[in-house]
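As a plain string of letters, each chain reads:
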Amino acid sequence: MEPGNDTKTSHFLLLGFSEEARLQPFLFGVFLSMYLVTMLGNLLIIVATISDSLFQMPMYFFLSNLSFVDICFISTTVPKMLVNLQTHSKAITYEGCLTQIYFFELFAVTDIFLLTVMAYDRFVAICHPLHYTVIMNPQFCGLLVLVSWVISILNSFLHTLLVLRVSFCTDVEISHFFCEFILVVHLACSDTFLNDMVTYFAVVLVGGGTLSGILYSYSKIVSSICAISSVQGKYKAFSTCASHLSVVSLFYSTSVGVYLSSASKQNSHSRVVASVMYSIVTPMLNPFIYSLKNKDIKRALQKFLRGKE
């Protein structure tokens, strides 16, 4: 590539696993297995929640949406990574990189909003049980999901535009297995001040806002559970939100790890590992967490699988 200021960079190089050349066949098998398990697990959750009239509650409506988003989320990065591992290629086109940025941001932010909506659903169910069906009516639940998608689409569109406004020179190596927005922008040879400011604002607004909503919801939930006199009542109330709390903890702890590891440019390996955890491992584990901790889902899955035999 010729040196110079070229906005239309032809390609980038993804170096996420380039240092593990001898392990690439093993990594291909591991990530392919994880991808297939994720697809199958989340598809089973979707089928189970929409095929049984028992799952017409808002909680399962949000869960089926979360499973759909997880399927899309992992499909944004893993197929390209598998192709690169199999062909021993590191390249991704400029257009392909922009596409990855757009859809990764879209599904990651939608995931965050759905987790926040699900926390609010549990808050209403436990703290205001008598008004639950009135507050969480189908129209309101649909509106919550629609707003989550609209905000995520606008956020992704903004991030993609921020990449389009910068130009790239000869440094096109990305120390990751996919085109992460922050790393791509930092390769630019033009001014990125606006990009950085908008990024930090979006992280505080979206990340901080949703996390605050989740923490507020669970603080109220804990207070309500502590006020229950019977041990059995406390256990029943806590069990209704245990699965969601597990998923929230896993997603936020690993995604926060990505931004902590980005503090040093020399810590790219830690960033890759943390990204694998929240963008691949978390979508894979979500169906297991919900099915293991929810007896209704376990029964529905068993019923569905027996029906297919």
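Position numbers for residues start from 1 in each chain and track the written sequence from start to end. For this predicted model, a pLDDT threshold of at least 70 governs which residues receive local features, and a threshold of 80 or more governs which side-chain atom pairs are given and counted, while totals over whole chains, interfaces and linings are taken from all residues. Each side-chain value is derived from all of the structure's non-hydrogen atoms; neither hydrogens nor water enter the calculation.

Our working rule: UniProt positions are given in the numbering used here, feature names are shortened, and annotations may be inferred rather than shown by experiment.
Where an unreviewed UniProt entry is consulted, the chain appears under the name Olfactory receptor, with the organism given as Tupaia chinensis. Under the heading Sequence similarities (unreviewed entry), UniProt records this for the chain: "Belongs to the G-protein coupled receptor 1 family."

Considering the pairing of strand β1 (residues 11-14)
Look at any regular strand and the pattern is simple: side chains alternate between the two faces of the sheet. The cut-off we apply is this: Burial classification: accessible surface area is computed with a 1.4 Å probe over protein chains only, and a residue below 20% of its type maximum counts as buried, one above 50% as exposed, and the rest as partly exposed. A helix here means a DSSP run of H or I that spans at least four residues, while a strand means a run of E at least two residues long, and both kinds are numbered starting from the N terminus. Two strands pair under a simple rule: DSSP has to find at least two bridges between them.
Only one face of β1 is buried, namely the one carrying Phe12 and Leu14, since none of His11 and Leu13 on the opposite face is buried. Sheet topology note: the β1/strand β2 (residues 91-93) ladder contains three bridges and is antiparallel. In the sheet register, His11 faces β2, and the bridge partner there is Thr93. In the sheet, β1 pairs with strand β3 (residues 173-174) via two bridges, with the strands oriented parallel. Paired with Leu14 across the bridge in β3 is Ile174.

Comments concerning a nonpolar patch on the surface
Test applied: Any residue with relative accessible area above 30% and no salt bridge may belong to a patch, with like charges joined within 9 Å and the nonpolar Val, Leu, Ile, Met, Phe, Trp and Tyr side chains within 5 Å. Using a 1.4 Å probe, accessible areas were evaluated by the Shrake-Rupley method; residue-level cover was limited to the displayed protein chains. Within this document, salt bridges are pairs made up of a side-chain nitrogen of Lys or Arg and a carboxyl oxygen of Asp or Glu, the two lying within 4 Å of each other.
A contiguous nonpolar surface patch, about 500 Å² in accessible area, is contributed by Leu143, Leu146, Val147, Val150, Ile151 and Leu154. Tracing the backbone through its elements, the reader meets Val150 in helix α5 (residues 138-164). Take Val150: its relative accessible area is 39%, and that puts it in the partly exposed class.

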